[in-house]
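As a plain string of letters, each chain reads:
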Amino acid sequence: MSDFEDIQIFVRVAELGNLSAAGRELRHSAAVVSNRIARLEERLGVRLLNRTTRRVNLTTEGDVYYRHCLRILAEMQEAENAIANQKNTTRGPVTLTCPIAFGNKYVAPIIPKFVEKNPDVQVRLHLSDRLLDLLQDKVDLAIRIAELKESSLIVRKLAANKRMLVASPAYLKRHGAPSAPGDLLHHNCLLLRFPGSRQYQWTLLGSQEEGPVTLSVSGSMDSDNGEVLTRWCLDGHGIALKSYWEVGEYIRNGQLQVVLPDYTPPAHAVYALYPENRYLPTRVRAFVDFLVSEFGGTPPWDKS
C-alpha cells in the first residue's frame, strides 16, 4: 500500500474518530488501519492520534498533519478532475505522421474538416517516408502503408490498397515491355531507398503454380521520396513499384501503363497505428474514427 493510501486512511480516521468505522468504509480491517497509522507515525517520528477504547483524537501534531493532508487530497482530486476533463473532451493536440505523398494527396486536404468539427483540437501533421518510432518521437498516431510486423501498437485498417509495376509509354517504347519477372533485371528500376527500406527487392505474385517471385532489382536512380519516383516514372526514366492511390489517375489518363499485369506485388493496406493504451485521449480516438469514416468503404482513389 502506498504512502498516499496511508494518508487517505489517516484522514478518514481523523474525520470519523474511529478505526473500525474508517476500516469499514475503506474495506480494511481495524488491524490493517491501525498498522497503516502506526507506519505513518513511525515515518514521521510523532504520534498523530490519541487512542482510547471507544474513540481516537488528533494530537497537536496530528491536527497540523491532518490540515496539510486535506490540501494534498484536494489537489490530487483537482489534478484527477483535470485529466478526466482532458480525456473526456475532444481538445488538445494530435500529432500525426504519414508518408509524404499520401499525406499531401489525401490526409492534409481533410484535416480542416476535422478541425472545423473539433475546434479545440490542434492537428500536427508530420510528413515523412521514414518510419518514425511513435513512443520515442512522441507521435500520437501514424498512417502506414506497409506489410505490418507484430508490435504492441494498436492497428486499425483504413482502406485496401493494391500495388503494381508501372512505366511510361515512352520508356516502354524505348526499352520494350518485360514479359516475365526475370526481365526486370535488365531494366532501370526506380527504387525507394532509405534505412530500413526493402524496396530494392520486389516480390511479385504470379499464378498459383508459380508462386511468389522475389527479385533483387537495381537502377541508376533511387530516392527516399515516393513522389520523386513517380515524377521520374512519368518522365520515362524507368519502372517503379507503386500503390494505386499514387498512380491511378496517371493509369487512367494513359500517362503510365501497368507492367507485367499478371504478376502483381502483394497488396499493402492503409492502416492507422497508435500506442497500446487503454487511456487513449478522446481527441486521438476521435481522429482515428474520423479517418475510418473518410477512408472506409470505397477509398477516394477508387472513386474517380
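Structure's up top.
A quick note: this is a predicted structure, and the numbers were derived from the prediction, not measured.

About the criteria used
- Residues numbered from 1 in each chain as written.
- Predicted model: local features only at pLDDT ≥ 70, side-chain atom pairs only at ≥ 80, totals over all residues.
- Heavy atoms only, no water.
- Helix = DSSP H or I, 4+ residues; strand = E, 2+ residues; numbered from the N terminus.
- Rg over C-alpha atoms; globule rule 2.2 N^0.38 Å.
- Buried < 20%, exposed > 50% of the residue type's maximum accessible area, 1.4 Å probe, protein only.
- Areas by Shrake-Rupley, 256 points an atom, 1.4 Å probe, with all protein chains shown as cover.
- Lys, Arg positive; Asp, Glu negative; His and termini not counted.
- Charge placed at Lys NZ, Arg CZ, Asp CG, Glu CD.
- Pairing = 2+ DSSP bridges.
- Expected span 1.5 Å × (residues − 1).
- Phe/Tyr/Trp six-rings, centres within 6.5 Å; stacked < 30°, edge-to-face > 60°.
- Axes fitted to C-alpha atoms, helices over the stretch in contact; angles between N-to-C directions.
- Contact = heavy atoms within 4.5 Å.
- Polar contact = N/O pair within 3.5 Å; in protein donor to acceptor, adjacent residues only side chain to side chain.

Peer 1: A description of the overall build of the protein should follow, citing residues and the corresponding values.
Peer 2: The helix and strand tally for the protein stands at 10 helices and 14 strands. Relative to its length of 304 residues, the protein is extended, with a C-alpha radius of gyration of 31 Å against a globular reference of 19 Å. With the principal axes as the frame, the protein shows a C-alpha extent of 100 × 40 × 30 Å. Considering the protein as a whole, with its 304 residues, one finds that 39% of them fall into the buried category. About 16800 Å² of surface is accessible on the protein, with carbon and sulfur atoms providing 48% of the total. Here the protein holds 37 positive side-chain charges and 34 negative ones, and the gap between their average locations is 4 Å.

Peer 1: Account for the pairing of strand β3 (residues 92–98), with residues named and values stated.
Peer 2: Across the seven residues of β3, six count as buried, placing the element largely inside the fold. Relative to strand β5 (residues 141–145), β3 runs parallel, the two sharing two bridges. Residue T97 lies in a different strand from β5, and its bridge partner there is A142.

Peer 1: Explain the sheet that holds strand β7 (residues 163–167) residue by residue, including any values.
Peer 2: Here five strands make up an open sheet; going across it, the order is β11-β8-β12-β7-β13 and the pairing mixed. Here the strands that pair on one side only, and so sit at the sheet edges, are β11 (222–223) and β13 (257–259). Sheet topology note: the β7/strand β12 (residues 239–243) ladder contains four bridges and is antiparallel. Across the sheet, residue L165 finds its bridge partner in β12, namely L241.

Peer 1: Provide a residue-level description of helix α1 (residues 3–16), including the pertinent values.
Peer 2: Taking 1.5 Å per residue as the helical rise, α1 with its 14 residues ought to reach 20 Å, and the 20 Å between its terminal C-alpha atoms agrees with that figure. Turning to α1, its buried residues number three or more, namely D6, I7, I9, F10, V11, V13 and A14. G17 sits one or two residues past α1 and shows a positive phi near 70°.

Peer 1: Summarise the packing of aromatic side chains; cite the residues concerned and give the values.
Peer 2: For any pair of aromatic rings, the description consists of the separation of the ring centres together with the inter-plane angle of the planes. Evaluation of the coordinates by the stated rule reveals 11 aromatic pairs. Taking 5.4 Å as the distance between ring centres and 50° as the angle between the ring planes, the aromatic pair formed by F10 and Y65 counts as tilted. In this pair, F10 is assigned in helix α1 and Y65 in helix α4 (residues 60–87), connecting sequence segments 55 residues apart. There is no split in this pair, since F10 and Y65 are both buried. With a centroid separation of 5.0 Å and an interplanar angle of 85°, the aromatic rings of F102 and W245 are classed as edge-to-face.

Peer 1: Describe the sheet that holds β3, with residues and values.
Peer 2: Pairing within the open sheet is mixed, and its five strands lie in the order β4-β3-β5-β14-β6. Each having just a single partner strand, β4 (121–127) and β6 (154–159) make up the two edges of the open sheet. Across the sheet, the axes of successive neighbouring strands diverge by a mean angle of 25°, strand direction being ignored. Pairing geometry for β3 and β4, over seven bridges, is parallel.

Peer 1: How would you sum up the environment of A146? Please name residues and give values.
Peer 2: Within the secondary structure, A146 is located in the loop between β5 and β6. Distance in space between the C-alpha atoms of A146 and A269 is 6.6 Å, their sequence separation being 123 residues. Setting aside its immediate chain neighbours within four residues, A146 contacts H268, A269 and Y271.

Peer 1: Please provide a residue-by-residue account of the pairing of β7, values included.
Peer 2: Within β7, five of the five residues are buried, leaving the element largely enclosed by the surrounding structure. The alternating pattern of β7 places R163, L165 and A167 and M164 and V166 on opposite faces, both of which are buried.

Peer 1: Describe in detail the environment of R163, supporting the description with residues and values.
Peer 2: Residue position: R163 is located in strand β7. Along the backbone, R163 and D63 are 100 residues apart, and their C-alpha atoms lie at a distance of 73 Å. When neighbours within four sequence positions are excluded, R163 is seen to be in contact with L241, K242, S243, T264, P265, P266 and H268. Here the side chain of R163 touches P266 through a polar contact of 2.9 Å, landing on its backbone oxygen.

Peer 1: Give a description of the side chain of K242 that names residues and reports values.
Peer 2: Structurally, the position occupied by K242 is in strand β12. Residue classification places K242 among the buried residues on the basis of a relative accessible area of 3%. Reaching out from K242, the side chain makes a polar contact with the backbone oxygen of G226 at a distance of 2.6 Å. At 2.9 Å, the side chain of K242 and the side chain of E246 are in polar contact.

Read these as layout, nothing more, since geometry by itself doesn't imply function.
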